[in-house]
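# Notes for the structure review
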Amino acid sequence: MIDLSDDSRRALEKAARIAKNKGSELVVLYPYRLKNQQVGEHKVTLKQRLEREAYSRFDSMKQSVSELELVPYTFSPEVGFETDRLEAHLQTKPIEHVYLCKSIALQAEANSDWHSFVKTLQIPVEMVP
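The structure contained in this document is the topic of the report that follows. (Residues numbered from 1 in each chain as written. Predicted model: local features only at pLDDT ≥ 70, side-chain atom pairs only at ≥ 80, totals over all residues. Heavy atoms only, no water.)

### Regarding the layout of surface pockets
Where empty space is left in the structure can be found by rolling a water-sized probe over the atoms. Approximately 550 Å³ is the volume found for the largest pocket. Looking at the largest pocket, it is lined by 23 residues, and the ones nearest its centre are Glu25, Leu26, Val27, Ile95 and His97. Elements with a contribution of two residues or more to the lining of the largest pocket: helix H1 (6-22), strand E1 (26-32), helix H3 (82-92) and strand E3 (98-101). In terms of residue count, H1 provides more of the lining of the largest pocket than any other element does, six residues in total. In the lining of the largest pocket, the residues fall into 16 nonpolar, three polar and four charged. Roughly 370 Å³ of volume is contained in the second largest pocket. Asp3, Tyr30, Pro31, Tyr32 and Arg33 are, among the 16 residues lining the second largest pocket, the residues nearest its centre. Taken together, the elements giving at least two residues each to the lining of the second largest pocket come down to E1, helix H2 (43-62) and helix H4 (102-109). Tallying contributions element by element places H2 first for the lining of the second largest pocket, with four residues. For the lining of the second largest pocket, a count of residues per class yields seven nonpolar, three polar and six charged. (1 Å grid on protein atoms, 1.4 Å probe; cavity = no way out; pocket = protein on both sides within 12 Å on 5 of 7 lines; lining within 4 Å. Points joined across faces, edges and corners; volume = space filled by probe spheres on them. Helix = DSSP H or I, 4+ residues; strand = E, 2+ residues; numbered from the N terminus. Nonpolar A, V, L, I, M, F, W, Y, C, P; charged D, E, K, R; others polar.)

This is the structure:
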């Protein structure tokens, strides 16, 4: 799980390297919120704009992560809270491990909802510094 910050590149590198070694597919989840709405901008337009920006930023980031060329992956920008989006993926995909970029992990550390959520998981969750 990434937030497209500088920390995200390191998490992406580690997750791609491990996926390559295991012969696994990688799901790159980017949860975001519908914030920073411009005056007169509709929610649908805001969502489209934020999603375009997410794909653009991810395209720039993946240029520096050579392992992604060797791993099947899906980039999934999704509106919602991190725990909600992760839970939805866990219910529909055979996910074996969750890697969090440092900035998301630090936010999660201070959030009681994250603590409760992680306790229910049967898979490892790792912060990538």
